[in-house]
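Architecture at a glance
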Amino acid sequence: MRQVLLHEGSRQLDYEIRNIVKKAEELEALGQKIYWENIGDPILKNATIPDWIKEILHGLVDDDLTYGYCHSKGVLGTREYVAKKNNEKAGVQITADDVLFFNGLGDAIGKLYQFLNPHSRVIGPSPAYSTHSALEAAHSNKEPLTYNLDPENHWYPDLEDLRLKVKYNPSIVGILIINPDNPTGMVYPVEVLTEIVEIAREFNLFLVSDEIYTNIIYNGVETKSLSQVLGDVPGIAMKGISKDTPWPGSRCGWMEFYNRDADPDFNNYCATMENAKMVEVCSTTLPQKALPLIQEHPSFQPYLAQRRQEVSERSKVISSRLEDISYINFNPTNGAFYNTIVFKDGVINNNQFLEIDDAKLKAKAEDWVENVSSPDKRFVYYLLAAKGVCVVPLSSFQSELLGFRITLLEEDIEVLDQTFSKIADAINEFCTSDKEVEAVMS
């Protein structure tokens, strides 16, 4: 080419959550049954959409207006509804003009970082959700900036780590919260949120809260949304209907802008994202029109309660299989539908393996691990080939910790128990395949 085509930041766009699928599909073609634990898609795990939601959509399909463009910022009635639902929480008040719709939260996350000055950084949690960390790093052409979540303390943020990184890195302009968290399933306590707000206030930053899982909190745990704790600090909440409805294929997410007038630069930043959506014309009309009809239907809240209870029950099944394994740090999950399993220091290395009887599957695994530098990837690839369980290595979530992420989405409790029995067996077998590690643990 006459000039270099790619932005240097494009090297950051690696997405192991989907990359692992390619390896699983290779094994599937060889006859291996795959237990998919790699991605948060309820539909993939046989979630059934209630008839009352389908009836709402059938009605909208018959409405000619759903086939046209909507307002560039989103359907006005839906934006008014979203603003009203936020204002009922008695925190920061907004209007329909403070709501901006996107084609899914992935689209919104891309815009969030795309229009920041390349020298301005947003620091996010580690383990990191890959879409946020990859796109933030790509915009800046640097490694992601992260603050630590602590597996020894319920995965809560290390606030001293966050404060020091903000204090000594003047390029940081914003702090990202994912509440409930992906990939750990942690729910931010209110007092932690309040302290993060104070850090943002002290250093003149804005806050971003990804709240896509805000309706998936269980086991008696409570939190608050960003607007309830933000006070006068500028902030953005990111929400969607893909997880709680569940309707990931709708590609319908939105931002809520808080305290725009508190800072002219922040206001211009929000306006730029609005202008970018105007250039695209608008986001998809039909799911926006469906949103208030679904959420105000009398069956919606009972449906949410049932889903939360089901995920809670699955979390207990997973806990029963994993919590007593001596080689890992295990925290029960209380929000979203993920859990992150961490191997204890020194228990995994690049000499360990799982026995695989099938020669073709064994050859695949040995080929994959030949040049792998991270032991958790080695475990994940062996787990996939030996047991057919597809998980994502923790080292792919911008973390120095070694482990893997799983989901809590399997609808069939028997299959769920079978899957995590396989994982438990694999952990024990892998960690004892190196006699030196076994001796250290004993």
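Our subject is the structure that appears above.
We now turn to the structure provided with this report. Just so it is clear, the structure is predicted and the values come from calculations on it, not from any experiment.

1. Observations concerning the packing of helix α6 (residues 159–167) against helix α7 (residues 190–202)
For the pair α6 and α7, interaxial distance at closest approach is 11 Å and the crossing angle is 10°. Viewed along their axes, α6 and α7 adopt a mutual orientation that is roughly parallel. Residues Leu159, Leu162, Arg163 and Val166 of α6 touch α7, and the partners they reach there are Val192, Glu195, Ile196, Ile199 and Glu202. Taken together, the residues of the contact of α6 with α7 sort by class into six nonpolar, no polar and three charged.

2. Topic: the packing of helix α11 (residues 300–322) against helix α14 (residues 413–431)
Relative orientation of the contacting elements α11 and α14 amounts to 30°, with a least axis distance of 9 Å. Here α14 runs roughly parallel to α11, going by the angle between their axes. Where α11 crosses over α14, the two elements pack in a sense that is right-handed. Between α11, through Arg314, Val317, Ile318, Arg321 and Leu322, and α14, the contact on the second element is made entirely by Ile413, Leu416, Asp417, Phe420, Ser421, Ile423, Ala424 and Ile427. Within the contact of α11 with α14, the residues separate by chemical class into nine nonpolar, one polar and three charged.

3. Section: the packing of aromatic side chains
One pass over the structure, following the stated rule, counts 14 aromatic pairs. Consider the rings of tyrosine 213 and phenylalanine 337, whose centres lie 5.3 Å apart with planes at 85°: the pair is edge-to-face. One end of the pair, tyrosine 213, is in the loop between β7 (206–210) and α8 (226–229); the other, phenylalanine 337, is in the loop between β10 (328–329) and β11 (338–343), with 124 residues separating them in the sequence. A relative accessible area of 0% means that phenylalanine 337 is categorised as buried. For the ring pair tyrosine 213 and tyrosine 338, a centre distance of 5.6 Å and an interplane angle of 90° mean the geometry is edge-to-face. On the criterion of sequence distance, the pair formed by tyrosine 213 in the loop between β7 and α8 and tyrosine 338 in strand β11 is long-range, its members being 125 residues apart. In this structure tyrosine 213 comes out as buried when scored by relative accessible area, which is 3%.

4. Notes on the side chain of serine 227
Mapped onto the secondary structure, serine 227 falls in helix α8. Look at serine 227 and you get buried, because its relative accessible area is 2%. The contact partners of serine 227, leaving out residues within four places of it in the chain, are Asn86, Lys89, Gly91, Val92 and Tyr258.

5. Concerning the pairing of strand β6 (residues 172–178)
Most of β6 is tucked away: six of the seven residues are buried. In this structure, strand β3 (residues 121–126) lies alongside β6, joined through three bridges in parallel fashion. Counterpart to valine 122 in the pairing with β6 is glycine 174. The pairing of β6 with β7 spans five bridges and is classified as parallel. Bridge pairing in β7 links isoleucine 178 to aspartate 210. Taken together, β6, α7 and β7 constitute a β-α-β crossover, and its handedness is right-handed.

6. Details of the sheet that holds strand β13 (residues 392–393)
Within the open sheet, the four strands sit side by side as β10-β11-β14-β13. Their pairing is antiparallel. Every interior strand has two partners, whereas the edge strands, β10 and β13, have only one.

7. Things to note about the nonpolar core
Judged by nonpolar contacts, the single largest core of 77 residues is most densely connected at Leu322, Phe404, Ile423 and Ile427. Considering every element that reaches this core, the biggest residue donor is α14, with eight residues. Membership of the second largest hydrophobic core comes to 54 residues, among which are Ile196, Ile241, Trp247 and Phe397.

8. Description of the pattern of salt bridges
Taken as a whole and judged by the stated rule, the model has 24 salt bridges. With its nearest N and O atoms 2.8 Å apart, the salt bridge here joins arginine 121 to glutamate 136. A residue pair is termed long-range when its members are at least 10 positions apart, and arginine 121 in strand β3 and glutamate 136 in helix α5 (residues 130–140) qualify at 15 residues. Accessibility expressed as a relative area gives 4% for arginine 121, which makes it buried.

9. Observations regarding α5
The α-helix advances 3.6 residues per turn, and as a result positions three or four apart in sequence lie on the same side. The element α5 is extensively covered by neighbouring structure, given that ten of its eleven residues are classed as buried. Within α5, burial applies to Ser130, Thr131, His132, Ser133, Ala134, Glu136, Ala137, Ala138, His139 and Ser140. Following α5 by one or two positions, asparagine 141 adopts a phi angle in the positive range, close to 60°.

10. A closer look at the pairing of strand β2 (residues 99–102)
Along a regular strand, successive side chains alternate from one face of the sheet to the other. On β2, burial covers both faces: Val99 and Phe101 on one face and Leu100 and Phe102 on the other are all buried. Across four bridges, β2 lies against strand β9 (residues 253–258) in antiparallel orientation. Residue pairing for β9: leucine 100 is matched across the bridge by methionine 255.

11. So, the sheet that holds β3
Backbone-to-backbone hydrogen bonds pair the strands of a sheet. The strands run either parallel or antiparallel. Read across the open sheet, the eight strands follow the order β2-β9-β8-β7-β6-β3-β4-β5; overall the sheet is mixed. Only two strands of the sheet have a single partner each, and these edge strands are β2 and β5 (156–157). Pairing between β7 and strand β8 (residues 235–240): four bridges, direction parallel. In the strand pairing of β8, leucine 207 is matched with glycine 235.

Calculation notes
- Residues numbered from 1 in each chain as written.
- Predicted model: local features only at pLDDT ≥ 70, side-chain atom pairs only at ≥ 80, totals over all residues.
- Heavy atoms only, no water.
- Axes fitted to C-alpha atoms, helices over the stretch in contact; angles between N-to-C directions.
- Helix = DSSP H or I, 4+ residues; strand = E, 2+ residues; numbered from the N terminus.
- Parallel < 35°, antiparallel > 145°, perpendicular 65-115°, else oblique.
- Contact = heavy atoms within 4.5 Å.
- Nonpolar A, V, L, I, M, F, W, Y, C, P; charged D, E, K, R; others polar.
- Left-handed = near helix turned anticlockwise from the far one by under 90°.
- Phe/Tyr/Trp six-rings, centres within 6.5 Å; stacked < 30°, edge-to-face > 60°.
- Buried < 20%, exposed > 50% of the residue type's maximum accessible area, 1.4 Å probe, protein only.
- Pairing = 2+ DSSP bridges.
- Right-handed = clockwise from strand over helix to strand, strands pointing away.
- Core = buried A, V, L, I, M, F, W, Y, C linked by side-chain atoms within 4.5 Å.
- Salt bridge = Lys/Arg side-chain N within 4 Å of Asp/Glu carboxyl O.

Just distances and angles here, no functional claims.
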